[in-house]
Amino acid sequence: MELIRSYRPAGAATSSSEATRPILITGSHRSGTTWVGHTLAKAPGIGYISEPFNPYHRPGILGSRFPEYFAYIPTDPDGSLAANVQRMLEFRYGTVAELRSLRSARDVGRMIRDAARCRTLRAAHARPLVKDPIALLAAPWLADTFDMQVVVLIRHPAAFASSLKRMGWAHDFSHFRQPGLLEGPLAPFADEIEDFARRQRPVIEQAALLWSALNHVVARYRHDHPDWTFVRHEDLSVAPHEEFEQLFGHLDVPFDSTIRAYLDAHTAGSNPAEAETGRAHQLKRDSKANVKSWRSRLTPEEIELVRERTAAVAVSFYGDEDW
C-alpha cells in the first residue's frame, strides 16, 4: 500500500522562500523521526532542534514549558508561545531562563555548548529543522503560525508496539486530559483514554491504544493538509536512497554524495537489525531487516492483539500484506 505524499514533480520550480521555510519532522514517537531528522541535518545549512515540546526540554532553547506530553495547541491567546517559538527558530538562546534552571556542572556545560551552537547557527542563517514527535498534536498550529514544511512519519503498529516493549515505556494517558483534546481530535478514543488513565495496563495494550489515537490524528491530517508530506518508516527502510532523495527534493535540501554515504553507513545489511536492549536510539541499523523485527520480539498473541485493536485506523496506512 503506497502512501499518498506531496512530493513535488521532478523539474518543478523552487522559490528561494521555500528553501528557507522551517521544517517540522513529527509523527508518533518510535516512528523514525530521529533517523529522518539526523539524516536531513547532515545537509549544509540545516540547524537541528531536538524535541522542544518535550516537558523536559531545556528552557534556553525554548522559553515556554509544557506540563503534558503531546501538547495540544488550538490557540495562543496572548501570543507568548508564538514569540518564544519564533526566538527558538531564530536560534536566539535564552541564557537568563537557562541560568535559572541550572542544577549541576553538567547543566552548565550543556548551557555553554547550546549557547555557542545557537550563535553559530544564527550567524550562518541556518534553516531550522525541528525534530519532535511530541509536537504531533501541535503540528497544525506550528504550520499555520510559522509556515513550516511538515513531514509526518508513520510506522507499522506492531513495530511501534515492539519498540515500546523493548524499551519498557509506559504512557500516562492522563496527559491527554487537555482542554478540548478529548472533545476534539481524540474524541473517538475519549472513553478508552479515560479508562487507561485510571488504571495501568500492560505496555502492549497501551501501545495499541496510543498508536490508534495518534495515527487517527495523522489520518485526519492527510485529509486536511494535502500540502504536508506523509512517509511510512517501512518505505524509507526498504529503499532509503530513493525515498530520502525524494524527501530532500521536496524540502529543497541538497542531496549529495555525503548524504548517500551517510545512508550507506546507517542502513547497511552489516548493521544490527535492532538497537541494543535499553538503548532508545541506535541510528546504524540494517534498515531492511528492521522492518519485520517485530515478528520475533512480539508473541503471536501480542501481534493478534495489536492487529485487532488498531485495525480501524491501520487500514488507512497498511494492508493485509503488511502483517
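Residues numbered from 1 in each chain as written. Predicted model: local features only at pLDDT ≥ 70, side-chain atom pairs only at ≥ 80, totals over all residues. Heavy atoms only, no water.

1. Things to note about the pattern of salt bridges
Phase 1: With the rule as written, the count across this model stands at 17 salt bridges.
Phase 2: Where Glu-51 meets Lys-131, a salt bridge forms, and the shortest distance between an N and an O atom there is 2.8 Å. Residue Glu-51 is located in the loop between strand E2 (46-50) and helix H2 (80-89), and its partner Lys-131 is located in strand E3 (residues 127-131); the two are separated by 80 residues in the primary sequence.
Phase 3: Judged by its relative accessible area of 18%, Glu-51 falls in the buried class.
Phase 4: Here Glu-205 and Arg-309 are joined by a salt bridge, their closest N and O atoms 3.5 Å apart. (Salt bridge = Lys/Arg side-chain N within 4 Å of Asp/Glu carboxyl O. Helix = DSSP H or I, 4+ residues; strand = E, 2+ residues; numbered from the N terminus. Buried < 20%, exposed > 50% of the residue type's maximum accessible area, 1.4 Å probe, protein only.)

2. Regarding the pairing of strand E5 (residues 229-232)
Phase 1: Burial along E5 is two-sided: Thr-229 and Val-231 and Phe-230 and Arg-232, pointing in opposite directions, are all buried.
Phase 2: When strand E4 (residues 149-154) meets E5, the two strands line up parallel, connected through four bridges. The residue bridging Leu-153 from the neighbouring strand is Val-231, located in E5. (Pairing = 2+ DSSP bridges.)

3. Observations concerning the nonpolar core
The nonpolar side chains of soluble globular proteins are, as a tendency, buried together.
Phase 1: Counting residues in each nonpolar core, the largest one holds 71 residues, and the members touching the most others are Phe-53, Val-85, Leu-142 and Phe-176.
Phase 2: Those elements that place two or more of their residues in this core are H2, helix H4 (105-123), helix H5 (139-146), E4, helix H6 (157-167), helix H7 (190-198), helix H8 (203-224) and helix H14 (300-314).
Phase 3: Examining the composition of this core, we find that ten residues originate from one element, H8, more than from any other.
Phase 4: In terms of nonpolar packing, the next biggest core, distinct from the first, is built from 21 residues, Val-36, Ile-46, Val-231 and Phe-248 among them. (Core = buried A, V, L, I, M, F, W, Y, C linked by side-chain atoms within 4.5 Å.)

4. A few points about the environment of Val-218
Phase 1: In this structure, Val-218 sits in helix H8.
Phase 2: The class for Val-218 is buried, based on a relative accessible area of 0%.
Phase 3: Beyond its immediate chain neighbours, meaning those up to four positions away, Val-218 contacts Leu-136, Val-152, Ile-154, Phe-230 and Phe-317. (Contact = heavy atoms within 4.5 Å.)

5. Side note on the packing of H6 against H14
Phase 1: Across the interface, H6 lies against H14 with an axial gap of 9 Å and an inter-helix angle of 130°. It follows from the interaxial angle that H6 and H14 lie oblique. Seen along the crossing, H6 lies across H14 with a hand that is right-handed. From H6, Pro-157, Ala-158, Ala-161 and Lys-165 reach across to H14, where they touch Glu-302, Val-306, Thr-310 and Ala-314. (Axes fitted to C-alpha atoms, helices over the stretch in contact; angles between N-to-C directions. Parallel < 35°, antiparallel > 145°, perpendicular 65-115°, else oblique. Left-handed = near helix turned anticlockwise from the far one by under 90°.)

6. Some points on the confidence of the model for the chain
Phase 1: Averaged over all residues, the pLDDT of the chain is 91; the fraction at 70 or higher stands at 89%.
Phase 2: The low-confidence segment residues 7-16, where pLDDT is below 50, has 14 contacts with residues more than four positions distant or belonging to other chains. (pLDDT = per-residue confidence, 0-100.)

7. Things to note about the environment of Ser-31
Phase 1: Note that Ser-31 resides in the loop between strand E1 (23-27) and helix H1 (33-41).
Phase 2: A C-alpha to C-alpha distance of 7.0 Å links Ser-31 and Phe-160, two positions 129 residues apart in sequence.
Phase 3: Beyond its immediate stretch of four places on either side in the chain, Ser-31 contacts Leu-153, Arg-155 and His-233.
Phase 4: Side-chain polar atoms of Ser-31 contact the backbone oxygen of Ser-28, separated by 2.5 Å. (Polar contact = N/O pair within 3.5 Å; in protein donor to acceptor, adjacent residues only side chain to side chain.)

8. A word on H5
A turn of α-helix holds 3.6 residues, and therefore any two residues three or four places apart point the same way.
Phase 1: Listed in full, the buried residues belonging to H5 are Ala-139, Trp-141, Leu-142, Ala-143 and Phe-146.
Phase 2: Here the buried face of H5 lies against E1, H2, E4 and H8.
Phase 3: The positive-phi residue at the C-terminal boundary of H5 is Asp-147, with phi of around 50°.

9. With respect to the sheet that holds E1
Phase 1: Taken in spatial order, the five strands line up as E2-E3-E1-E4-E5 in an open sheet, and their pairing is parallel. Because the sheet does not close on itself, it has two edges, and the strands there are E2 and E5. When the angles between neighbouring strand axes are averaged without regard to direction, this sheet yields 20°.
Phase 2: In terms of strand pairing, E1 meets E3 through three bridges, oriented parallel. Bridging from a neighbouring strand, Leu-24 pairs with Val-130 of E3.
Phase 3: The strands touched by H1 within the sheet are E1, E2, E3 and E4, with E2 carrying the most contacts at an inclination of about 155°.

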